Amino acid sequence: MPLGLLDLSAYLKSQIPDVKIDLLDMGKDLYKFYIERDKRTAISLDQFIDEELAPINYVPDIVGISCLFSVSQRTSLLIAKAARHKWGEAKIIIGGNHATNFYKYLLKNENIDYVFRGEAEKSLVDFVRHIKNGDIKFNIAGVFDKDKARETKDELSEMVFNINDIPLPVFD
């Protein structure tokens, strides 16, 4: 259960009620695939990702990828590549512990548009507002694109300090 993403979704919906959020939990589906491995034909990770994205029949404005641990970097970048191939114009963002610490490296990848450093509740709200308004240049604390990363600023996203300001996770 990606609780961090559910928290982000809840906070985002509390600030921008008309935002549409769809969460694709590939970890859960990969576990199901593993459990049923004796009944299925082996496929590559690229094929698995393509199968996961195939049923999505709309073009998202933003594709967010969670990269919490270094061991998930390769998979996260494969997901970004598949998302870029399927939805070329979507903004592809990545966040999480690994992304926070290796943001400059991740931004060298042609499929990553932005990296969110630190807790992303407030910065994600600002980011979504800018994207909805058609803004292409903005400066949000903790949100890095390739240009901002070259400036070597070492800032994190602004935190929500009162946990009561974050609604219960969204499960819908």
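Just so we're clear, the structure is a prediction, and the values are computed from it rather than from any experiment. The residue numbers shown here count from 1 along each chain, following its written sequence. Thresholds applied to this predicted model are a pLDDT of at least 70 for local features of residues and 80 or more for the giving and counting of side-chain atom pairs; totals over whole chains, interfaces and linings are not thresholded and use all residues. Hydrogen atoms and water are omitted, and side-chain values are computed over all heavy atoms in the structure.

Okay, the overall build of the chain next. The secondary structure content of the chain amounts to 8 helices and 4 strands. Its C-alpha atoms give the chain principal-axis dimensions of roughly 50 × 35 × 30 Å. When burial is assessed residue by residue, the chain has 40% of its 172 residues classed as buried. Contacts in the chain between residues at least 24 apart in sequence constitute 62% of all its contacts with a sequence separation of at least 6. What sets the accessible areas is the Shrake-Rupley method with a 1.4 Å probe; for residues, cover comes only from the shown protein chains. Carbon and sulfur atoms make up 54% of the accessible area of the chain, which totals about 10700 Å². In this description a helix means any DSSP run of H or I spanning at least four residues, a strand means any run of E spanning at least two, and both kinds are numbered starting from the N terminus. Residue exposure (1.4 Å probe, protein chains only): buried if accessible area is under 20% of the type maximum, exposed if over 50%, otherwise partly exposed. Any two residues having at least one pair of non-hydrogen atoms within 4.5 Å are treated as being in contact.

Right, let's get into helix 7 (residues 121-132). One less than the number of residues in a helix, times 1.5 Å, gives the span that helix is expected to have. Over its 12 residues, helix 7 extends 17 Å from the first C-alpha to the last, a length consistent with the 16 Å expected when each residue adds 1.5 Å. Buried within helix 7 are the following residues: Glu121, Ser123, Leu124, Val125, Phe127, Val128 and Ile131. Those residues of helix 7 hidden inside the fold are in contact with helix 1 (3-15), strand 1 (62-66), strand 2 (91-95), strand 3 (114-116) and strand 4 (143-144). At the exit of helix 7 stands Gly134, carrying a positive phi of roughly 80°.

Between rings of Phe, Tyr and Trp, where Trp is taken as its six-membered ring, a pair exists when centres lie within 6.5 Å; planes separated by under 30 degrees are stacked, by over 60 edge-to-face, and by other angles tilted. On inspection of all chains with the given rule, the structure shows 6 aromatic pairs. Summarising the aromatic geometry, the rings of Tyr114 and Phe138 are spaced 5.7 Å apart at their centres and angled 25° between planes, so their arrangement reads as stacked. Note that Tyr114 is positioned in strand 3 and Phe138 in the loop between helix 7 and strand 4, a separation of 24 residues in sequence. Of the two residues examined, Tyr114 and Phe138, each falls in the buried class. Grouping aromatic residues by their ring pairs yields a cluster made of Tyr114, Phe116, Phe127 and Phe138. Its end group placed over the ring of Tyr58, Lys20 keeps NZ or CZ at 4.1 Å from the ring centre. Note on geometry: a ring has a charge over it if NZ (lysine) or CZ (arginine) is within 6 Å of the ring centre and within 35 degrees of the ring normal. Over the face of the ring belonging to Phe144 we find Lys148, whose NZ or CZ atom lies 4.9 Å from the ring centre.

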